[in-house]
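Examining the three-dimensional arrangement
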Amino acid sequence: MTKTLVRRLDLPEGYQFTRTLRSLLVVRHDPCGRLDGNHFRLTARTPDGPGSLQLDRAGAELTATTHGPGAGWLAERADAIAGLRDDLGDFPGLAAAHPLVARLAKTFAGVRYPATGLLFPRLIRAVLEQKVTGIEAHRAYRALVKHFGEPAPGPDGLLLPPDPEAVAATAYWVFHPFGVEQRRTQALLRGAAQAARLERCADSAEATRRLTAIPGIGPWTAAEVVRTTYGDPDAVSVGDFHIPNTVAWALAGEPRGTDARMLTLLEPFAGHRGRVCDLLAAGGITAPKFGPRMPIRSFARF
């Protein structure tokens, strides 16, 4: 009989359910999760075994229901996954120093940073998102999950994230029909081979050090991973195509910016630099566009 646990959580005033949780899923369709109104589902390979989490909001209360051998682990961590352990700390005071950041911080005050405590599923997405469009990356992710997928515990018919041992044991050419070229595949295989060690990292800083020591995984990928694995609001995606321009435009009125300039402008928000970048994105702030869009390709056809 499948193990099932229920936990009830009180929500802070103004909590934004959808905006907080949607970063945990691939947009439009994620085989490992679902977000529909006030209902959220997520599958996981926990240290105790496979499991699934469902979060259902009713007013100021959140009900967490977990299934499978990993039910206990997921129930204990449900508040973190819902972003309820995210402490804004001194951010309101820091945000007040810049009028745009202050306005966005007020508008999106109910958005919190989830902390899943599960690194490898987010690493898969981050590696697949390297140097390609979101459409390409998400298409590859869905194909990869369906290839390695196993049914998750629970009533929703979702799949578990790929087992890192199975991924590490797979030849690189198997990933080509998913639309993933050899460079990203090899980075993913290296990450999968070290997944157990990576999952034992105590915090964001240790995980960043270990991730960036793996060939093919740089600061951008590490920041994308630790932001939702540990709920790190200071993680900045250095090396991003758009974010330096967005930050330079939003904070200094400069249409173009470098990584170095971005970090300088974000320095007054130390401890929450990633949060500022996410607020700018949530507010629809973008720098002027002068060049063509990156084309959508399919490496499966090459």
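For the structure itself, look to the data block above.
The structure contained in this document is the topic of the report that follows.

About the cut-offs
- Residues numbered from 1 in each chain as written.
- Predicted model: local features only at pLDDT ≥ 70, side-chain atom pairs only at ≥ 80, totals over all residues.
- Heavy atoms only, no water.
- Helix = DSSP H or I, 4+ residues; strand = E, 2+ residues; numbered from the N terminus.
- Buried < 20%, exposed > 50% of the residue type's maximum accessible area, 1.4 Å probe, protein only.
- Polar contact = N/O pair within 3.5 Å; in protein donor to acceptor, adjacent residues only side chain to side chain.
- Contact = heavy atoms within 4.5 Å.
- 1 Å grid on protein atoms, 1.4 Å probe; cavity = no way out; pocket = protein on both sides within 12 Å on 5 of 7 lines; lining within 4 Å.
- Points joined across faces, edges and corners; volume = space filled by probe spheres on them.
- Nonpolar A, V, L, I, M, F, W, Y, C, P; charged D, E, K, R; others polar.
- Pairing = 2+ DSSP bridges.
- Phe/Tyr/Trp six-rings, centres within 6.5 Å; stacked < 30°, edge-to-face > 60°.
- Lys NZ or Arg CZ within 6 Å of the ring centre and 35° of its normal.
- Axes fitted to C-alpha atoms, helices over the stretch in contact; angles between N-to-C directions.
- Parallel < 35°, antiparallel > 145°, perpendicular 65-115°, else oblique.

1. Observations regarding the environment of Ala252
If you trace the backbone, Ala252 turns up in helix α12 (residues 243-252). The class for Ala252 is partly exposed, based on a relative accessible area of 34%. When the C-alpha positions of Ala252 and Thr107 are compared, they lie 21 Å apart, and in sequence the two are 145 residues distant.

2. Describing the side chain of Arg41
With respect to the helices and strands, Arg41 occurs in strand β3 (residues 39-46). You can call Arg41 buried: its relative accessible area is 14%. A polar side-chain atom of Arg41 sits 3.1 Å from a polar atom in the side chain of Asp56. There is a polar contact of 3.4 Å between the side chain of Arg41 and the side chain of Asp156. With sequence-adjacent residues up to four places away left out, Arg41 is seen in contact with Leu25, Cys32, Gly33, Arg34, Leu53, Gln54, Leu55, Asp56, Asp156 and Leu158.

3. A short note on the layout of surface pockets
By volume, the second largest pocket amounts to about 540 Å³. As for the second largest pocket, its lining consists of 28 residues, and the residues nearest its centre are Arg45, Thr46, Leu118, Ala195 and Glu199. Ranked by residue count, the leading element in the lining of the second largest pocket is helix α9 (residues 195-199), at 4 residues. Here the lining of the second largest pocket is composed, by residue class, of 19 nonpolar, 4 polar and 5 charged.

4. What to know about the pairing of strand β5 (residues 61-67)
In terms of burial, β5 is a largely internal element, 6 of the 7 residues being buried. In this structure, strand β1 (residues 4-10) lies alongside β5, joined through 7 bridges in antiparallel fashion. Residue pairing across strands places Arg8 opposite Thr63, the latter belonging to β5. Inspection of the sheet shows strand β4 (residues 49-58) paired to β5 by 7 bridges, in the antiparallel sense. Counted as the bridge partner of Arg57 is Leu62 from β5. Between β4 and β5, which pair antiparallel one after the other, the connecting turn spans 2 residues, and Gly59 there sits at a positive phi close to 65 degrees.

5. Details of the packing of aromatic side chains
Applying the stated criterion across every chain yields a total of 2 aromatic pairs. For the pair Phe175 and Phe178, a centre-to-centre distance of 5.8 Å together with 85 degrees between the ring planes defines the contact as edge-to-face. Stacked on the ring of Tyr113, the Lys or Arg Arg275 has its end atom at 5.0 Å from the ring centre.

6. Thoughts on the packing of helix α4 (residues 99-107) against helix α14 (residues 273-282)
Packed helix pairs are characterised by how far apart their axes lie and by the angle those axes make with each other. Relative orientation of the contacting elements α4 and α14 amounts to 80 degrees, with a least axis distance of 10 Å. Taken together, the axes of α4 and α14 lie roughly perpendicular to each other. Judged by residue contacts, Leu100, Val101, Leu104 and Ala105 of α4 engage Val276, Leu279 and Leu280 from α14. Residues of the contact of α4 with α14, tallied by class, amount to 7 nonpolar, no polar and no charged.

7. Some details on the environment of Gly157
With respect to the helices and strands, Gly157 occurs in the loop between α6 (134-148) and α7 (164-168). The sequence separation of Gly157 and Gln54 amounts to 103 residues, and the corresponding C-alpha distance is 13 Å.

8. Some thoughts on the sheet that holds β3
Judged by pairing direction, the sheet is antiparallel, and its 5 strands sit side by side in the order β1-β5-β4-β3-β2 without closing on themselves. Of all strands in the sheet, those bounded by a partner on one side alone are β1 and β2 (33-36). For this sheet, the mean angle separating the axes of adjacent strands, direction not counted, is 20 degrees. When β2 meets β3, the two strands line up antiparallel, connected through 4 bridges. Its bridge partner being in β3, Asp36 is matched across the sheet by His39. Against the sheet, helix α2 (residues 71-81) makes contact with β1, β3, β4 and β5, and its axis sits at roughly 15 degrees relative to β1, the strand it touches most.

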